[in-house]
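# Residue-level structural notes
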Amino acid sequence: MAPVFRFHVWNDMHVRALAPGQANPVHPLGNERALWALECALGRQGLAAPDFVVGAGDLINTGLPTDTANFGSMMLARLPVPFLPCPGNHEILMQGEDDPPDLGRSPWPGQAWRNYVFTRGGIGFIVVDTSRGQDTDTPAAANRNEFLQRAFARLAGMPAFVLTHMPLIPLREKE
């Protein structure tokens, strides 16, 4: 039986714009892991090429233009399939979940990269900005929950993946 579709999920690569020979001191080999993931998405490394790639946050180390541009040229410019981003805390730089996006610093093109829904092959995908992490009793958390309710209602019982960078339910104490 042939698959309806294939997709890859990329997360926590922490790609940086590095000078030749410079190592990433906090996330060693992040750029190299990212290039391996790209090879997989190109149908190499023994894997079938996906129909799309979902980013699940912290693909870049900072929301600084240098890291964003580096990820774009190193990864996205070479990716032959759609890329659907989900923000992590490292992409947002000084923005927080539910803060108005600073489009001059947004790492991904367009305005609708933070909370959105898409479908493929009868399956829904709900992308949720959880960049504030463990906050559950804030206006941002309330807005996130309202978005999720609207998203599930829109999908009307369709099976769905919920894509976030941080869990919707805290799994550990903030400390």
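To start, this report covers the structure provided alongside it. (Residues numbered from 1 in each chain as written. Predicted model: local features only at pLDDT ≥ 70, side-chain atom pairs only at ≥ 80, totals over all residues. Heavy atoms only, no water.)

Paired through backbone hydrogen bonds, the strands of a sheet run either parallel or antiparallel to each other. The sheet built from three strands is open, its strands ordered S1-S2-S3 with parallel pairing. For this open sheet the edge positions go to strand S1 (7-10) and strand S3 (83-86), each flanked by a neighbour on one side alone. Each adjacent strand pair in this sheet contributes to an overall mean axis angle of 20°, direction not counted. Pairing geometry for strand S2 (residues 52-56) and S3, over four bridges, is parallel. The residue of S3 that forms the bridge with Val-53 is Phe-83. (Pairing = 2+ DSSP bridges. Helix = DSSP H or I, 4+ residues; strand = E, 2+ residues; numbered from the N terminus. Axes fitted to C-alpha atoms, helices over the stretch in contact; angles between N-to-C directions.)

Counted by the stated rule, this structure contains 13 aromatic pairs. Judged by centre distance (5.7 Å) and plane angle (90°), the ring pair of Phe-52 and Phe-118 falls under edge-to-face. Taken together, the residues Phe-52 in strand S2 and Phe-118 in strand S4 (residues 116-120) connect sequence positions 66 residues apart. A relative accessible area of 2% places Phe-52 in the buried class. Through a chain of ring-to-ring contacts, the aromatic side chains of Phe-5, Phe-7, Phe-52, Tyr-116, Phe-118, Phe-125 and Phe-161 assemble into a single cluster. (Phe/Tyr/Trp six-rings, centres within 6.5 Å; stacked < 30°, edge-to-face > 60°. Buried < 20%, exposed > 50% of the residue type's maximum accessible area, 1.4 Å probe, protein only.)

To continue, consider the pairing of S1. The alternating pattern of S1 places His-8 and Trp-10 on a buried face, while none of Phe-7 and Val-9, on the opposite face, is buried. Here S1 pairs with S2 via four bridges, running parallel. Its bridge partner being in S2, Trp-10 is matched across the sheet by Gly-55. Remark: the S1/helix H1 (residues 30-41)/S2 crossover connection has right-handed handedness. (Right-handed = clockwise from strand over helix to strand, strands pointing away.)

So, about unusual backbone geometry. Phi angles above zero are rare outside glycine, and Asp-12 is one such case at about 50°. Mapped onto the fold, Asp-12 is located in the loop between S1 and H1. For Asp-58, which is not a glycine, the phi torsion comes out positive at approximately 55°. Structurally, Asp-58 can be placed in the loop between S2 and helix H2 (65-74).

Bringing the sheet that holds strand S6 (residues 160-163) into the picture now. Read from one edge of the open sheet, three strands run S4-S5-S6, paired in mixed fashion. Strands with a single pairing partner mark the edges of an open sheet, and in this sheet they are S4 and S6. Strand-to-strand twist in this sheet, taken as the mean axis angle between neighbours without regard to direction, amounts to 20°. Contacts from helix H3 (residues 139-155) reach S4, strand S5 (123-127) and S6 within the one sheet, and its direction differs from that of S5 by about 165°. (Contact = heavy atoms within 4.5 Å.)

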